[in-house]
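Below, each chain spelled out in residue letters.
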Amino acid sequence: MFLRRPALLLLLTLVLSPLAAQAVETAKPLAQVKTERSTFDEYANAAEQLVDEALSYLGIRYRFGGTSPETGLDCSGLVLNVFRNAVGLDLPRTAREMAKLGDNIGRQELKPGDLVFFNTMRRTFSHVGIYLGDGKFVHAPSSGGKVRVESIATRYWAQRFNGARRLVDDTSMIGNGAALSALR
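Residues numbered from 1 in each chain as written. Predicted model: local features only at pLDDT ≥ 70, side-chain atom pairs only at ≥ 80, totals over all residues. Heavy atoms only, no water.

Okay, the overall build of the chain next. A count of helices and strands for the chain gives five helices and eight strands. Mapped from its N terminus to its C terminus, the chain presents α and β elements in the order α-β-β-α-α-β-β-β-β-β-α-β-α. Put simply, 56% of the contacts in the chain that link residues at least 6 apart link residues at least 24 apart. For the chain, the exposed area adds up to about 10,900 Å²; of that, 55% sits on carbon and sulfur atoms. (Helix = DSSP H or I, 4+ residues; strand = E, 2+ residues; numbered from the N terminus. Contact = heavy atoms within 4.5 Å. Areas by Shrake-Rupley, 256 points an atom, 1.4 Å probe, with all protein chains shown as cover.)

So this is what it looks like as structure tokens:
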């Protein structure tokens, strides 16, 4: 039997329309995946920037109250410089104030860029560093020392570990000073 052109087009439309609808429905989750991947990529990029910036301060001498790499840094001076220069986030001046920001996380949940806190002066949150991954953190240790990387698992640091805070995560990217109020 000979099909006329309009009948053939109608038949093709009926056959192909469910496939077209399925393709449209499939595209929606792909867009969501792209958005999720983009958010993850932003987090990974921010974490990488924080780690790279933190490592650029290795060897800078410790100075109590120091906030300048040229004259020396204390622990919180190091952290505030790293966050300002890497992701544009202005943090409070002291470790104790920094400990009030972001999300509280456990030791097993640590990711690069998280803040790690220690009790080094017989008071909570008296020392802060930046977690690098693989059980390591960077910090400005104490008088006579220099910014360096250490293991969080060494006996001294493990006994004094006070907790950790995440300021940059994969669900709410923090990247400017205006976002700081959202952390408090």
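Mapped onto the fold, L58 is located in the loop between α1 (5-55) and β1 (67-68). For L58, a relative accessible area of 41% gives the class partly exposed. Residues L58 and H139, 81 residues apart in the sequence, show an inter-C-alpha distance of 8.8 Å. The residues contacting L58, other than those within four sequence positions of it, are V138, V147, R148 and V149. (Buried < 20%, exposed > 50% of the residue type's maximum accessible area, 1.4 Å probe, protein only.)

Let's shift gears to the packing of aromatic side chains. Inspection of every chain in the model, using the stated rule, returns six aromatic pairs. Plain terms: the ring middles of F117 and F125 are 5.5 Å apart, the flat faces sit at 90 degrees to each other, and that makes the pair edge-to-face. For the ring pair Y156 and W157, a centre distance of 4.8 Å and an interplane angle of 90 degrees mean the geometry is edge-to-face. Owing to a relative accessible area of 38%, Y156 belongs among the partly exposed residues under this scheme. Residue classification places W157 among the buried residues on the basis of a relative accessible area of 6%. Taken together, the ring pairs in this structure connect F118, F137, Y156, W157 and F161 into an aromatic cluster. When the ring centre of F161 is taken as reference, the NZ or CZ atom of R107 above it lies at 4.2 Å. (Phe/Tyr/Trp six-rings, centres within 6.5 Å; stacked < 30°, edge-to-face > 60°. Lys NZ or Arg CZ within 6 Å of the ring centre and 35° of its normal.)

Our focus in this paragraph is the pairing of strand β8 (residues 161-166). Summarising burial for β8: five of the six residues are buried, a large majority. As paired strands, strand β3 (residues 103-105) and β8 are joined by three bridges and run antiparallel to one another. By the bridge assignment, N104 is partnered in β8 with R165. (Pairing = 2+ DSSP bridges.)

On the surface, L55, L58 and V149 cluster together into a nonpolar patch covering about 210 Å² of accessible area. You can see V149 is positioned in strand β7 (residues 148-151). (Patch = residues over 30% accessible without salt bridge, like charges linked within 9 Å, V, L, I, M, F, W, Y side chains within 5 Å. Salt bridge = Lys/Arg side-chain N within 4 Å of Asp/Glu carboxyl O.)

Moving on to unusual backbone geometry. The backbone of R122 shows a phi angle near 60 degrees, a positive value even though the residue is not glycine. Following the sequence through the fold, R122 ends up in the loop between β4 (115-118) and β5 (127-133). Exposure remark for R122: the relative accessible area of 83% places this residue in the exposed category.

The next subject is the sheet that holds β5. Here six strands make up an open sheet; going across it, the order is β3-β8-β4-β5-β6-β7 and the pairing antiparallel. The sheet is open, and its two edges are formed by β3 and β7, each paired on a single side. On average, each strand axis in the sheet is tilted by 40 degrees relative to the strand beside it, whichever way the strands run. Against the sheet, helix α2 (residues 75-87) makes contact with β4, β5 and β6 (136-139), and its axis sits at roughly 50 degrees relative to β5, the strand it touches most. (Axes fitted to C-alpha atoms, helices over the stretch in contact; angles between N-to-C directions.)

Turning to the confidence of the model for the chain, a few remarks are in order. Looking at the chain as a whole, the pLDDT averages 81, with 68% of positions reaching at least 70. Ignoring residues within four places in sequence, the model shows residues 33-37, a span with pLDDT below 50, making zero contacts including any to other chains. Considering only residues more than four positions removed or in separate chains, one finds that residues 172-184, a stretch of pLDDT under 50, has 28 contacts. (pLDDT = per-residue confidence, 0-100.)

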